[in-house]
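Chain by chain, the residues run as shown.
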Amino acid sequence: MKIAIVGGGSAGWIAASYLSRYKHLDITIIESPKVPTIGVGESVTIHVPRLLRELGLDEHDMMRETGSVYKFGNNFVGWKGGNEQSLFPFRWNVPMKEIRRVMDASSSNEDAFSRLQKLHSFKIESYLQANPNAPRFTDYWLTLHKQNKINPDFGVSYSAYDCFSKSRITPYVNNQLLFKSTGLQHSFHINAEKFGDYIRDKFALLNGVTHIKRHIRDVVTSGDNIEKLVFEDGTDHTADLFIDCSGFGRVLINKQNRKWKHYNLSPGDTAIVCQVNYEDPSKEINNHTLSIAQNQGWAFDISLYHRKGTGYIFSSDLCNEDEVMQEYSKKFLKNARMEPRKLKWDKKRLYESAKGNTVAIGMSNGFIEPMEANLFAIIINGVKSLEHELRKPVDVNTINWDAFNQKISNTYDDIHDFILTHYTLSPRPGAFWDEMRSIGRQENHQELIRQKYLDERNSFAGAVRSDSLFPDYMWLHLAIDWGLDITDWPIHNNLNVDDINFVNEYINRMETLTQESCSSFPNNYEFLKETIFHGR
């Protein structure tokens, strides 16, 4: 099968790399020399380290070549109106037997760090076993929380990540990271301008992908199908399947009669972004994304090795752009590397990501906003779902795209709900936030997140199936840290006292071992400089 991918950014090269593993697929990527890469999505989820592992690429090499750093969660600052911080870690739900397993493994006489490693020695199989139909870690955590027996700070008692992530230190001892890559407990801040080029050079081109740099003048269609692409020099290119990875340009999709679902309640449709230099990286490089509530929206602060990426997300309908720019400049642009630029988008997705012989991946298929680092997750989920349809030789015209389209729609809709409830359930004061809360009351968002937590589709297994993107514990964490009343949230009725006490012991051991180990953890910058970048 001949596949033509239009667009040479991260989406295009991820799609090309992943699909090129199948030798019956003849892949060409077409990149316009006239269209620059936007380079968005610098904070990413656990989908990226898993992708690197599947492609056989070394994460330290990727970090070194792209200026990337480790990320252990998303830290929400000021969403309740003060300077409070709420770290959302990569700490997935597990069943009781997995807690017993890691407790047994960590009961040795080894040093604190070695025991802590074993306490976090979960794998994907561990997470797949957790669902609302049987007791899971969050059931025990909720029970202990309601009994006031554990630290009410979710980031401390649920994962203990707070102990190192908020102290700008890296959990790394004796050439070992605390988390194994198979546990999906860490991700990265990546340089999006370099990441696509990295997997292009390290995998795609080496694996036989053809690279054409030409500008497309016309897209010739016939019904739902694309017949050929016509370049500026008059030559053309044909394929069996066309994949649109051209971002907001939507080079292919805009030539077809596609229908869109609009997310009108979601406020963010504009961003002002700028790269910023460090004054002292040892005091500024974070291993979490900062998502900082502002008067008229929120701002991100993303640490890379050589610089930071910052931006202010707001609503063009509800907010005053001059006031936004003034607030953004005052708080974030002290050491700006360039003039800020504005990005604007429509909050929407295609009803059918795939139709005929054309598939849209990433921003070509739609975009809501940057919160919760969802863009690369959308891209990778889309590519993997497409791979499922193409892994065996098939005639494109015989593919039933219904299941694929439903998966992509589910992912976008879950992202929309999770992002919107961050706004609508926040108690932060101000006119903008009052408007957000009115939407939350109108749409009964307190009940929505309760149902999301209880829905089996929001288990880790559901996320793997692309029924959702954000698993159960994240909805619980949002409810806890945004100050919602969870007294009536149901807990599985098959919990016994011994198990509850055992989980309490597990939580205490996790906190104790983390605190004991932290004194050995290096500063983020010093770790990166010595271990990853070798003094560069």
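The structure reproduced in this document is the subject of the present report. From a predicted model like this one, the values you see are computed outputs, not experimental measurements. (Residues numbered from 1 in each chain as written. Predicted model: local features only at pLDDT ≥ 70, side-chain atom pairs only at ≥ 80, totals over all residues. Heavy atoms only, no water.)

## Remarks on the nonpolar core
Point 1. Core analysis: the largest hydrophobic core is formed by 162 residues, its most contacted members being Trp141 and Tyr506.
Point 2. It is helix α13 (residues 375-390) that contributes the most residues to this core, nine residues altogether.
Point 3. In this view, Trp141 contacts Ile150, Phe154, Ser157, Tyr158, Leu476, Ile480 and Ile507; residues no more than four positions away in its chain are not counted.
Point 4. Membership of the second largest hydrophobic core comes to 12 residues, among which are Ile30, Ile216, Leu229 and Phe242. (Core = buried A, V, L, I, M, F, W, Y, C linked by side-chain atoms within 4.5 Å. Buried < 20%, exposed > 50% of the residue type's maximum accessible area, 1.4 Å probe, protein only. Helix = DSSP H or I, 4+ residues; strand = E, 2+ residues; numbered from the N terminus. Contact = heavy atoms within 4.5 Å.)

## What about the pattern of salt bridges?
Point 1. Counted according to the given criterion, the structure contains 35 salt bridges.
Point 2. In this structure, Glu42 engages Arg307 in a salt bridge whose closest nitrogen and oxygen atoms are separated by 2.7 Å. Taken together, the residues span a long stretch of sequence, with Glu42 in the loop between β2 (26-31) and α2 (47-55) and Arg307 in the loop between β17 (297-303) and β18 (308-314) at a distance of 265 residues. Note on accessibility: Glu42 and Arg307 belong to one class, buried.
Point 3. The salt bridge involving Arg450 is made with Glu447; its shortest N-O contact spans 3.3 Å. Of this pair, Arg450 and Glu447 both sit in helix α16 (residues 445-454), three residues apart, which is roughly one turn of the helix.
Point 4. Members of the salt-bridge network, linked through shared partners, are Arg21, Glu387 and Arg391. (Salt bridge = Lys/Arg side-chain N within 4 Å of Asp/Glu carboxyl O.)

## Considering the sheet that holds strand β5 (residues 85-89)
Point 1. Read from one edge of the open sheet, seven strands run β5-β4-β16-β17-β18-β15-β19, paired in mixed fashion. With one partner strand each, in any of the chains shown, β5 and β19 (341-344) form the two edges of the open sheet. Each adjacent strand pair in this sheet contributes to an overall mean axis angle of 20°, direction not counted.
Point 2. In the sheet, strand β4 (residues 73-77) pairs with β5 via five bridges, with the strands oriented antiparallel. (Pairing = 2+ DSSP bridges. Axes fitted to C-alpha atoms, helices over the stretch in contact; angles between N-to-C directions.)

Honestly, that's just the spatial picture; any functional story needs more than this.
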